[in-house]
Amino acid sequence: DQVTAQHVFVWAHGPGVSGRDPSPITIGARMACLSSFFRFLIRMGMATTNPCDQLERPRTTPSPPRGLGPDEVKRLLSVIPDTPVGLRNRAIILILILTGRRREEVFRLRVGDITTDAGVPFYQYQGKGGKSGRRELPRPAYEAVKAALRAFGHELEELPPDAPLWPSSAGGALRSATFYATLQLYFRRAGLPPAGVQIFRHSAAKLRRDAGESIEQVSSFLDHSSLQVTTTYLRRLEGQEDRGWGRVAEAIGV
């Protein structure tokens with residue numbers, strides 16, 4: 001109860017460890033996190049007021065999502081070295097793009113989550129909101145996983161079910177922060193703008209839609225709760241691109 005709105009304002013707008021002033025998105029995230037914590041304290045009877053309620057949240061304009069096209073994906077894959085770490089990262093990227101799974105769903109995979117049925121590979125995942133499922137694992141991703149493990153001296157079939165699917169060169173399981181840092185290096189080498197791991201889920205949806213799949217198929221692929229969610233998702237990805245002007249121009253002879 002000693003924390004005031006002024007304390008929150010100074011903290012939320014203060015520079016971080018980088019020394020730079022935070023962006024409006026960062027300020028909003030800090031305030032939302034702290035406000036959620038104070039609501040918990042109020043429910044537990046440990047506080048009586050939420051100092052965040054007295055502050056106005058900054059207005060933010062999130063940048064539109066971006067998906068990689070086929071040529072950009074090829075450029076990205078071409079700069080990944082054929083080292084054990086590179087082969088592992090290539091397998092992760094292929095799974096992200098070919099399955100459309102979220103980052104945490106892919107990094108959570110264990111050896112036992114990969115199985116075969118009549119020669120067809122499948123993967124089992126724990127999704128958002130407690131969802132779980134079993135889907136076919138595209139063959140290129142499956143072969144990439146086996147090649148990556150082999151580069152680390154393992155065979156997929158010989159590892160225990162609870163072993164991490166993504167080994168680290170330092171031993172143990174790969175940390176997502178380590179993968180993220182290496183991913184930025186790959187983007188620079190490929191001449192692509194920096195992006196987070198979420199870009200691969202965007203890419204997966206965009207590539208499937210461009211390949212002719214219906215919104216219903218893309219919605220099922222992404223495990224969206226409704227078609228409206230998928231429609232909004234794809235509309236944001238498509239942005240302001242106008243694919244019809246060429247046919248109109250041809251029709252009027254210009």
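In this text, all values refer to a predicted model and were calculated from it rather than measured experimentally.

S.K.: Hey, could you run me through helix H1 (residues 5-13) in this one?
M.R.: Since the α-helix advances by 3.6 residues per turn, residues separated by three or four positions end up pointing in the same direction. Taken as a whole, H1 has its buried residues at Ala-5, Val-8 and Ala-12. Angularly, the buried residues of H1 cover 60° about the axis, an arc narrow enough to put them on a single face. Residues of H1 that are exposed and point more than 90 degrees away from the buried face comprise Gln-6 and Val-10. Tucked into the core, H1 has its buried residues touching helix H2 (24-43).

S.K.: Would you mind going over the packing of helix H4 (residues 84-99) against helix H8 (residues 198-210) with me for this structure?
M.R.: Between two packed helices, the angle of one axis relative to the other and the distance separating the axes together describe the packing. Where H4 meets H8, the axes come as close as 7 Å, and the angle between the chain directions of the two elements is 45°. Put simply, H4 runs oblique to H8. Crossing handedness for the pair H4 and H8: right-handed. Of the residues in H8, those touching H4 at Ile-93, Leu-96, Ile-97 and Leu-98 are Phe-200, Ala-204, Leu-207 and Arg-208. Class assignment of the residues belonging to the contact of H4 with H8 gives a composition of seven nonpolar, no polar and one charged.

S.K.: What am I meant to see in the pairing of strand S3 (residues 132-136) here?
M.R.: A regular strand carries its side chains on alternate faces of the sheet. In the sheet, strand S2 (residues 120-126) pairs with S3 via five bridges, with the strands oriented antiparallel. By the bridge assignment for S3, Tyr-123 is matched with Arg-135. Linking S2 to S3, which pair antiparallel, is a turn of five residues; within it Gly-129 sits at a positive phi near 70°.

S.K.: Is there a simple way to explain the nonpolar core in this structure?
M.R.: For soluble globular proteins, nonpolar side chains are generally found buried alongside one another. Ile-93, Leu-165, Trp-166, Phe-187 and Phe-200 are the most contacted members of the largest nonpolar core, which has 43 residues in total. Of all the elements in the fold, those that place two or more residues in this core are helix H3 (70-78), H4, helix H5 (103-107), S2, helix H6 (139-151), helix H7 (176-189) and H8. No other element matches H4, which puts seven residues into this core. Membership of the second largest hydrophobic core comes to 11 residues, among which are Ala-12, Ile-27, Phe-38 and Leu-55.

S.K.: Would you mind going over the pattern of salt bridges with me for this structure?
M.R.: One side chain can pair with another of opposite charge once the charged atoms of both are near each other. In the structure shown here, the tally under the stated rule is nine salt bridges. Arg-102 is paired through a salt bridge with Glu-105; the nearest N and O atoms lie 3.0 Å apart. You'll find Arg-102 and Glu-105 in the same group, each marked buried. By sharing partners, the salt bridges in this structure join Arg-101, Arg-102, Glu-105, Arg-135 and Asp-223 into a single network.

S.K.: Quick question: what am I supposed to make of the environment of Leu-76 here?
M.R.: Among the secondary structure elements, Leu-76 is positioned in helix H3. Relative accessible area serves as the criterion here: at 0%, Leu-76 is assigned to the buried category. Sequence-wise, Leu-76 and Arg-57 are 19 residues apart; in three dimensions their C-alpha atoms are separated by 38 Å. With near-sequence residues (within four places) excluded, Leu-76 lies in contact with Leu-68, Ile-93, Tyr-186, Phe-187, Ala-190, Leu-192 and Phe-200.

S.K.: Can you help me understand the sheet that holds S3 in this one?
M.R.: Pairing is antiparallel in the open sheet, where three strands are placed in the order S1-S2-S3. On the outer flanks of this sheet lie strand S1 (114-117) and S3, each paired with one strand and no other. Within this sheet the neighbouring strands show an average axis-to-axis angle of 30°, counted without direction. In this sheet, S2 lies alongside S1 in antiparallel orientation, the contact comprising four bridges. In the strand pairing of S2, Thr-115 is matched with Phe-122.

What counts, and at which threshold
Residues numbered from 1 in each chain as written. Predicted model: local features only at pLDDT ≥ 70, side-chain atom pairs only at ≥ 80, totals over all residues. Heavy atoms only, no water. Buried < 20%, exposed > 50% of the residue type's maximum accessible area, 1.4 Å probe, protein only. Helix = DSSP H or I, 4+ residues; strand = E, 2+ residues; numbered from the N terminus. Arc of directions from axis to C-beta. Contact = heavy atoms within 4.5 Å. Axes fitted to C-alpha atoms, helices over the stretch in contact; angles between N-to-C directions. Parallel < 35°, antiparallel > 145°, perpendicular 65-115°, else oblique. Left-handed = near helix turned anticlockwise from the far one by under 90°. Nonpolar A, V, L, I, M, F, W, Y, C, P; charged D, E, K, R; others polar. Pairing = 2+ DSSP bridges. Core = buried A, V, L, I, M, F, W, Y, C linked by side-chain atoms within 4.5 Å. Salt bridge = Lys/Arg side-chain N within 4 Å of Asp/Glu carboxyl O.

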